[in-house]
Amino acid sequence: MQIQLVRHATLRLEYAGLTFLVDPMFSSKGELPAVPNTPNQRPNPGVELPISVEEVLVGVDAVLVTHTHFDHLDEAAIRLLSKHLPVFCQPPDREKLVQHGFEQVIAIEAEYTWQGVHLHRTGGQHGTGEIGQKMGPVSGFVLQRAGEQTLYVAGDTIWCEEVERTIVEYRPDAIVVFAGAARFLTGDPITMTKEDIIHVANAAPDSRILVAHMETWNHCLLSRRELNECLQEKQLSERVHVPQDGETISFH
């Protein structure tokens, strides 16, 4: 299994001989507006793609969309993706994806098997209180296949009961968390903080963890440097990876 962090939440996932593209966002640097009511009002994304869109798309067998906020599926990706590719999503997003022209939209209620890979949809909380409710439903996905490692892509969620329950139930070998401690001017963070990542690491002591969703979107305030310093202090650097954009991590 190999996971390439393309940028932000966009991943190229090589799993069981298949290539999944997760949460494609292809906009050029500064092409999109800043998220309103946030501390850092600079345009998005804050960095360019590290490789070309053509390189990102080569050999992709299917697309996995955790939710359809525009930092996880933008107009550029909708325009450039083949409409023939299978697109796996959460049920609330099915109609929107069909309207975008995708011909094979598969909304996963609980689980679905495709090409021998079992995909299980998991829950999460995209923030707390009123803000969390306004952010709408989000999902993660667990991928399993006999003879392969179990992978859990948590999606845009903070540390919560749903995440803890997924770790206990599936005992994933590898976990991808979306971090950055994204936040608005009021309320708590809506993606994982460094404290949340430590919770995940402690709950899954046998898992390797990859941290994505960093240093790209204007309201993601947690930096790689700050997180890495925290991981070193907690002696977690050996199994919690904070890749640079374009970097590939192999899981053996």
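Residues numbered from 1 in each chain as written. Predicted model: local features only at pLDDT ≥ 70, side-chain atom pairs only at ≥ 80, totals over all residues. Heavy atoms only, no water.

The name an unreviewed UniProt entry assigns to the protein is MBL fold metallo-hydrolase, from the organism Brevibacillus antibioticus. Turning to the protein, the UniProt annotation filed under Function (unreviewed entry) states: "Counteracts the endogenous Pycsar antiviral defense system. Phosphodiesterase that enables metal-dependent hydrolysis of host cyclic nucleotide Pycsar defense signals such as cCMP and cUMP." (UniProt positions renumbered as here; feature names shortened; annotations may be inferred.)

1. Topic: the pattern of salt bridges
Within this structure, the stated rule accounts for seven salt bridges. Here Arg225 ties to Glu229 by a salt bridge, and the two come within 3.4 Å at their closest N and O atoms. One end of the pair, Arg225, and the other, Glu229, are both in helix α7 (residues 224-233), four residues apart, so they sit about a helical turn from each other. Bridged by salt links that share partners, the residues Glu215, Arg224 and Asp245 form one connected network. (Salt bridge = Lys/Arg side-chain N within 4 Å of Asp/Glu carboxyl O. Helix = DSSP H or I, 4+ residues; strand = E, 2+ residues; numbered from the N terminus.)

2. Some words on α7
Listing the buried residues of α7 in full gives Arg224, Leu227, Cys230 and Leu231. Seen end-on, α7 carries its buried residues on one side only, within an arc spanning 130°. Away from the buried face of α7 by more than 90 degrees, exposed residues Arg225, Gln232 and Glu233 are located. In the core, the buried residues of α7 are packed alongside β1 (2-7), α6 (194-203), β12 (208-212) and β13 (240-241). In the segment just after α7, Gln235 is the residue with positive phi, at about 60°. (Buried < 20%, exposed > 50% of the residue type's maximum accessible area, 1.4 Å probe, protein only. Arc of directions from axis to C-beta. Contact = heavy atoms within 4.5 Å.)

3. Points about the environment of Glu54
Among the structural elements, Glu54 can be located in helix α1 (residues 53-57). Its relative accessible area of 62% is what places Glu54 among the exposed residues. The spatial distance from the C-alpha of Glu54 to the C-alpha of Leu80 is 9.3 Å, given a sequence separation of 26 residues.

4. Overview of the sheet that holds strand β8 (residues 117-122)
Strand order across the open sheet formed by seven strands is β7-β8-β9-β10-β11-β12-β13, with mixed pairing between neighbours. Either end of the sheet is taken by a strand with one partner, and the two such strands are β7 (111-114) and β13. Relative to β13, β12 runs parallel, the two being bridged by two bridges. Within β13, the position partnered with Ile209 by the bridge is Val240. (Pairing = 2+ DSSP bridges.)

5. Some details on the pairing of strand β6 (residues 104-107)
As paired elements, strand β5 (residues 86-89) and β6 share four bridges and run parallel to each other. Opposite Cys89, over in β6, you have Ala107 as the bridge partner. You can see the chain leave β5, run along helix α3 (residues 94-99) and come back into β6, and the turn it takes is right-handed. (Right-handed = clockwise from strand over helix to strand, strands pointing away.)

6. Quick notes on the packing of aromatic side chains
Pairs of aromatic rings are described using the distance from one ring centre to the other and the angle between the two planes. A complete count under the given rule lists four aromatic pairs for this structure. With 5.7 Å between their ring centres and 65° between their planes, Phe70 and Trp217 make a pair best called edge-to-face. With a gap of 147 residues between them, Phe70 in the loop between β4 (62-64) and α2 (75-80) and Trp217 in the loop between β12 and α7 connect regions that are remote in the sequence. Ring geometry for Phe88 and Tyr112: centres 5.9 Å apart, planes at 50°, overall tilted. You can see Phe88 sitting in strand β5 and its partner Tyr112 sitting in strand β7, a full 24 residues away along the chain. With a relative accessible area of 0%, Phe88 lands in the buried category. Exposure remark for Tyr112: the relative accessible area of 33% places this residue in the partly exposed category. Through a chain of ring-to-ring contacts, the aromatic side chains of Phe20, Phe88, Tyr112 and Trp114 assemble into a single cluster. (Phe/Tyr/Trp six-rings, centres within 6.5 Å; stacked < 30°, edge-to-face > 60°.)

7. A closer look at unusual backbone geometry
Across the junction of Asn44 and Pro45, the peptide omega takes the value -20°, indicating a cis bond. Position of Pro45 relative to the elements: it lies in the loop between β3 (18-22) and α1. Here His213, not a glycine, exhibits a phi torsion of approximately 70°, which is positive. Counting through the fold element by element, His213 comes out in the loop between β12 and α7.

8. Quick word on the packing of α6 against α7
The description of two helices packed together rests on the angle between their axes and the distance between the axes. At a closest axis distance of 10 Å, the pairing of α6 and α7 adopts a crossing angle of 40°. Judged on the interaxial angle alone, α7 and α6 are oblique. Two packed elements cross with a definite hand, and for α6 against α7 that hand is right-handed. Within the contact between the two elements, α6 uses Lys194, Ile197 and Ile198 and α7 uses Glu226, Leu227 and Cys230. The class makeup of the residues in the contact of α6 with α7 is four nonpolar, no polar and two charged. (Axes fitted to C-alpha atoms, helices over the stretch in contact; angles between N-to-C directions. Parallel < 35°, antiparallel > 145°, perpendicular 65-115°, else oblique. Left-handed = near helix turned anticlockwise from the far one by under 90°. Nonpolar A, V, L, I, M, F, W, Y, C, P; charged D, E, K, R; others polar.)

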